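Report on the structure
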Amino acid sequence: MPSNHSRPAVPDRASVITADETALGLGRVTVDTDIGPVTVRAGREAGGPATILLHGAAGSWTTWSPFLRADDERGAVVDDVIAVDLPGWGESPTATRDPVSVGALSDAVATVARALGYRSWRVVGHSLGGFVALDLAVREPDATIRVDLVSPTGVGVVEAIRHPVTGGVRLPWFAGMLIGMRVLEVLGSRGPALLRLLNRAGLLAPLMSPLFGRRRDLDRSVVDALAADVRPATFLAATRAAAAYDLHGWRGVRCPVRCTMGGRDVFVGSDDAAVLAALVPDLRVHTLAGTGHFAAVERPEAVLERYTAD
């Protein structure tokens, strides 16, 4: 497992996305799992348990870099980090199993953690990563000591996938993103080229702005990173996995669950918090006013504060 006890100085602005793992005290590791190799950034060892960071369906491990940088600036309490590139995103190839299920993703994450020497962990999941985090807690109740959800995918998104018309009316921005991903998938290799063109023309940031509450403060690195991490086929496969998932399984979560939601998250349905509270036994929800779907990017210090709270 990579080790880096001396962490270099970090930039002043926390909400800048970086792909430089060494600046965050991490190293690159690839682990073979039942659904193919999974690449992670791991390090900051302190004797365990692990802190597993799971990104959403529009990102990679790099979306956690503002959170980790904020942690370094505050005093480094987030240790034994495993920042995962889920199969099909970042540097992890597409899963060998088709269709891939949420359970298969959870099993792959557990395999990675154990391969790196950990027997217990705390899971922090953003968006789709929250889905996987809760499922991992159900599948691995003795190993999962806590789940932290950050702008998690909820019942509103699931309903929008299962029932595009009625669900799309309730969450129009998600419905629009779903259509956009389908168009990009049809375009094939021309899709990424189109995104690069839009980005160079300065048009991608306005298109992404509904995902963020503090739109004027959006750093260029955030737009560049999300544009680079768009994976239409993988995104659509993830939506199918979410649609097929039985949310009632979350009743089996035995560990504490702490949820941080953005007050301006366009992917959150009006019933999401209530449904989650009805399903997850030990849940506390905190809402960050004026924050969008990427709370750990927009408000990394605030998310870190919730991470360290009871």
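Structure shown above.
What follows covers the overall build of the protein. On a plain count of helices and strands, the protein comes out with 13 helices and eight strands. The C-alpha atoms of the protein give a radius of gyration of 18 Å, which matches the 19 Å a tight globule of 310 residues would have. Viewed in the frame of its principal axes, the protein has a C-alpha envelope of about 50 × 45 × 40 Å. Relative to its full complement of 310 residues, the protein shows a buried share of 56%. Contacts in the protein between residues at least 24 apart in sequence constitute 78% of all its contacts with a sequence separation of at least 6.

Attention shifts here to the pairing of strand 4 (residues 81-84). Neither face of strand 4 is open: one carries V81 and A83, the other I82 and V84, and all of them are buried. Across four bridges, strand 2 (residues 36-43) lies against strand 4 in antiparallel orientation. Along strand 4, the bridge assignment pairs R41 with A83. Bridge analysis of strand 3 (residues 50-54) against strand 4 gives four bridges, and the strand direction is parallel. Residue pairing for strand 4: I52 is matched across the bridge by I82. Handedness of the crossover is the feature at issue here: the chain leaves strand 3, passes through helix 1 (residues 65-74), returns alongside strand 4, and the resulting connection is right-handed.

So, about the pairing of strand 1 (residues 26-33). Along any regular strand the residues' side chains alternate between the sheet's two faces. Of the pairings in the sheet, the one linking strand 1 to strand 2 comprises eight bridges and is antiparallel in character. Within strand 2, the residue paired with L26 across the bridge is G43.

Attention now moves to the nonpolar core. Nonpolar side chains in soluble globular proteins tend to be buried together. Core analysis: the largest hydrophobic core is formed by 82 residues, its most contacted members being I52, I82 and W250. Here this core gets eight residues from one element, more than from any other, and that element is helix 2 (residues 102-115). Not counting the four nearest positions on each side in its chain, I52 is found in contact with I82, V84, V109, A113, W121, R122, V123, V124 and L136. Core analysis: the next-biggest nonpolar cluster, separate from the first, contains 19 residues, L53, W64, L288 and A295 among them.

A few words now on the side chain of E140. One can find E140 in the loop between helix 3 (128-139) and strand 6 (144-152). For E140, a relative accessible area of 18% gives the class buried. The residues contacting E140, other than those within four sequence positions of it, are A110, R114 and W121.

Next up on the list: the pattern of salt bridges. Here the structure, examined in full by the defined rule, presents 15 salt bridges. The shortest N-O distance in the salt bridge between R44 and D71 comes to 2.7 Å. With R44 in the loop between strand 2 and strand 3 and D71 in helix 1, this residue pair connects regions lying 27 residues apart in the sequence. As far as the burial class goes, R44 and D71 line up, both buried. R139 is the salt-bridge partner of D107, the closest N and O atoms lying 3.6 Å from each other. Of this pair, D107 sits in helix 2 while R139 sits in helix 3, and the two are 32 residues apart along the sequence. Taking the relative accessible area as the measure of exposure, R139 reaches 42% and is therefore partly exposed. Within this structure, E21, R28, R41, D85 and E91 form a network of salt bridges that share partners.

All right, on to the sheet that holds strand 3 then. Sheet architecture is open: eight strands sit in the order 1-2-4-3-5-6-7-8, paired in mixed fashion. Looking along the sheet, the strands with just one partner apiece sit at the ends: strand 1 and strand 8 (283-288). This sheet shows a mean twist of 20° between the axes of neighbouring strands, independent of strand direction. Sheet strands in contact with helix 2 are strand 1, strand 2, strand 3, strand 4 and strand 5 (121-127), and its direction is about 120° off that of strand 1.

Below, the discussion takes up unusual backbone geometry. Omega for the bond connecting G48 with P49 falls within 30 degrees of zero, at -5°, which places this linkage in the cis form. As for its placement among the helices and strands, P49 is situated in the loop between strand 2 and strand 3. Of note in this structure, R44 is not a glycine but carries a positive phi near 60°. Notably, S151 is not glycine yet its phi reads approximately 45°, a positive angle. Its place among the elements puts S151 in strand 6. The buried category is assigned to S151, whose relative accessible area is 0%.

What follows deals with the environment of R41. Among the secondary structure elements, R41 is positioned in strand 2. When the C-alpha atoms of R41 and V84 are compared, they prove to be 6.5 Å apart, with 43 residues separating the residues in sequence. Residues in contact with R41, not counting those within four places in the same chain, are E21, L26, G27, R28, W61, V81, I82, A83, D85 and E91. Polar side-chain contacts of R41 include one of 2.9 Å to the side chain of E91.

Procedures and definitions
- Residues numbered from 1 in each chain as written.
- Predicted model: local features only at pLDDT ≥ 70, side-chain atom pairs only at ≥ 80, totals over all residues.
- Heavy atoms only, no water.
- Helix = DSSP H or I, 4+ residues; strand = E, 2+ residues; numbered from the N terminus.
- Rg over C-alpha atoms; globule rule 2.2 N^0.38 Å.
- Buried < 20%, exposed > 50% of the residue type's maximum accessible area, 1.4 Å probe, protein only.
- Contact = heavy atoms within 4.5 Å.
- Pairing = 2+ DSSP bridges.
- Right-handed = clockwise from strand over helix to strand, strands pointing away.
- Core = buried A, V, L, I, M, F, W, Y, C linked by side-chain atoms within 4.5 Å.
- Salt bridge = Lys/Arg side-chain N within 4 Å of Asp/Glu carboxyl O.
- Axes fitted to C-alpha atoms, helices over the stretch in contact; angles between N-to-C directions.
- Polar contact = N/O pair within 3.5 Å; in protein donor to acceptor, adjacent residues only side chain to side chain.

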